[in-house]
Amino acid sequence: MEYFVKKTSIVREIWSKGDTILFIFAGSAAEFAVNKAVDWLYFTGRLPADPIGRLFSTVNYARKIIFAERYIALNAIDKINTIHQTVENNRGSKIPDWAYRDVLFMLIDYSIRSFELLERKLTKAEKQDVVDVFNELGIRMGLKDLPKSYTDWHVMRDAHLKENLKYSKFTTDLYKQYRKHLGSFRYQVLLQAQVLVVPKRVNHLLSLGRIAFLKPAIFIYKICRILNLHQYIKNIMLPEAYKKQIADLDQISNHMSGNIEPLKSETI
């Protein structure tokens, strides 16, 4: 049986942990808000209506592709392309290529940052593996000019951060929606998680600050994870409406193969 991502890939280990994915989600939530193409995410109205749910859905779907059999994953990626084309037709313009690359680069960056925060430092070979896996996804989506090496990716990533981000009215609105859907306390937890994982450029645009008060709690959380108490903490920290989605992230990866729900027409 051939899988989209080989069983020996570090990407499987990274994306098999719900804790790591939560930090990938936190970083993505920050960077989406300041991306110059965020207006595309507002076009259908689904993101501002339920930003937490939409981002969870996007991250969880990416995870399912990673653990799927190859032919199922390729079919799912093709469906994503079709959905994007429909949105483009409805709006009468095309999503810029750099916006697609931005999303791909985010997945690479926050996969590495989140795993290193919670687990250990990755080797250069493992980082290259992360780039290779997401490059394959990008190639299937028809993206051009993708970096061949981790070093090349790092250079392109820095350029994208400088050129493709800005604070806008969408940023303000999206963070208002985050607060509304999470509540004040959990919203502060999200901000602290973002301080720990986002690049300096994103932090600067959002004025998140340099001191992460959540950092000492990460050490305590690791101990709780060893004692198998971490789920109780997550249940307290996360809204009731999203607990099922969090539980879904904790599914054992071996049971995820082929378990991809049909895409709806407004996935973007």
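Computed from a prediction, not measured in an experiment: that's the story for all the values here. (Residues numbered from 1 in each chain as written. Predicted model: local features only at pLDDT ≥ 70, side-chain atom pairs only at ≥ 80, totals over all residues. Heavy atoms only, no water.)

Some words on the overall build of the chain
1) Next: Summing up its helical and strand segments, the chain has 15 helices and zero strands in all.
2) Next: Per-residue burial over the chain gives 54% buried out of 268 residues.
3) Next: Summarising the internal contacts of the chain: among those between residues at least 6 apart in sequence, 76% fall at separations of at least 24.
4) Next: Carbon together with sulfur atoms contributes 55% to the accessible area of the chain, which is approximately 13400 Å² in total. (Helix = DSSP H or I, 4+ residues; strand = E, 2+ residues; numbered from the N terminus. Buried < 20%, exposed > 50% of the residue type's maximum accessible area, 1.4 Å probe, protein only. Contact = heavy atoms within 4.5 Å. Areas by Shrake-Rupley, 256 points an atom, 1.4 Å probe, with all protein chains shown as cover.)

Thoughts on the confidence of the model for the chain
1) Next: Averaged over the chain, the pLDDT score is 85; the fraction of residues at 70 or greater is 81%.
2) Next: Considering only residues more than four positions removed or in separate chains, one finds that residues 252-268, a stretch of pLDDT under 50, has 43 contacts. (pLDDT = per-residue confidence, 0-100.)

Some points on the environment of Asp158
1) Next: Residue position: Asp158 is located in helix α9 (residues 150-163).
2) Next: The exposure class assigned to Asp158 is partly exposed, which follows from its relative accessible area of 32%.
3) Next: Considering only alpha carbons, one finds Asp158 and Pro199, 41 residues apart in sequence, at a separation of 9.3 Å.

Structural notes on the packing of helix α2 (residues 18-34) against helix α5 (residues 51-67)
When two helices pack together, their arrangement is given by the angle between the helix axes and the distance between those axes.
1) Next: Relative orientation of the contacting elements α2 and α5 amounts to 125 degrees, with a least axis distance of 10 Å. One element, α2, and the other, α5, form an angle in the oblique class. As α2 packs across α5, the resulting crossing turns out to be right-handed. Packed against α2, whose contacting residues are Ile21, Leu22, Phe25, Ala29 and Phe32, the element α5 presents Ile52, Leu55, Phe56, Val59 and Arg63 at the interface.
2) Next: Looking at side-chain class alone, the contact of α2 with α5 contains nine nonpolar, no polar and one charged residues. (Axes fitted to C-alpha atoms, helices over the stretch in contact; angles between N-to-C directions. Parallel < 35°, antiparallel > 145°, perpendicular 65-115°, else oblique. Left-handed = near helix turned anticlockwise from the far one by under 90°. Nonpolar A, V, L, I, M, F, W, Y, C, P; charged D, E, K, R; others polar.)

Topic: unusual backbone geometry
1) Next: Positive phi outside glycine occurs at Asp145, with the angle close to 55 degrees.
2) Next: Here Asp145 is to be found in the loop between α8 (124-140) and α9.
3) Next: Look at Asp145 and you get exposed, because its relative accessible area is 62%.
4) Next: For Ser207, which is not glycine, the phi torsion reads 55 degrees and is therefore positive.

Re the side chain of Asp102
1) Next: Looking at the element boundaries, Asp102 is found in helix α7 (residues 97-118).
2) Next: Although Asp102 is buried, it forms no salt bridge, and the closest oppositely charged side chain is Arg157 at an N-O distance of 5.7 Å. (Lys, Arg positive; Asp, Glu negative; His and termini not counted. Salt bridge = Lys/Arg side-chain N within 4 Å of Asp/Glu carboxyl O.)

What about the side chain of Asn35?
1) Next: Within the secondary structure, Asn35 sits in the loop between α2 and α3 (38-43).
2) Next: Using a relative accessible area of 8% as the deciding quantity, one classes Asn35 as buried.
3) Next: From its side chain, Asn35 meets the backbone nitrogen of Ala37 in a polar contact 2.8 Å long.
4) Next: For Asn35, the side chain forms a polar contact with the side chain of Asp102, separated by 2.9 Å. (Polar contact = N/O pair within 3.5 Å; in protein donor to acceptor, adjacent residues only side chain to side chain.)

Examining the environment of Ile112
1) Next: With respect to the helices and strands, Ile112 occurs in helix α7.
2) Next: When the C-alpha atoms of Ile112 and Val11 are compared, they prove to be 9.1 Å apart, with 101 residues separating the residues in sequence.
3) Next: Beyond its immediate chain neighbours, meaning those up to four positions away, Ile112 contacts Leu122, Lys127, Val130 and Tyr150.

Details of the nonpolar core
1) Next: One finds Val11, Trp15, Phe134, Tyr178 and Val202 to be the most contacted residues of the largest nonpolar core, which totals 84 residues.
2) Next: With 12 residues, the top contributor of residues to this core is α7.
3) Next: Leave out the neighbours within four places in its chain, and Val202 touches Ala30, Glu31, Val34, Tyr110, Leu161 and Leu165. (Core = buried A, V, L, I, M, F, W, Y, C linked by side-chain atoms within 4.5 Å.)

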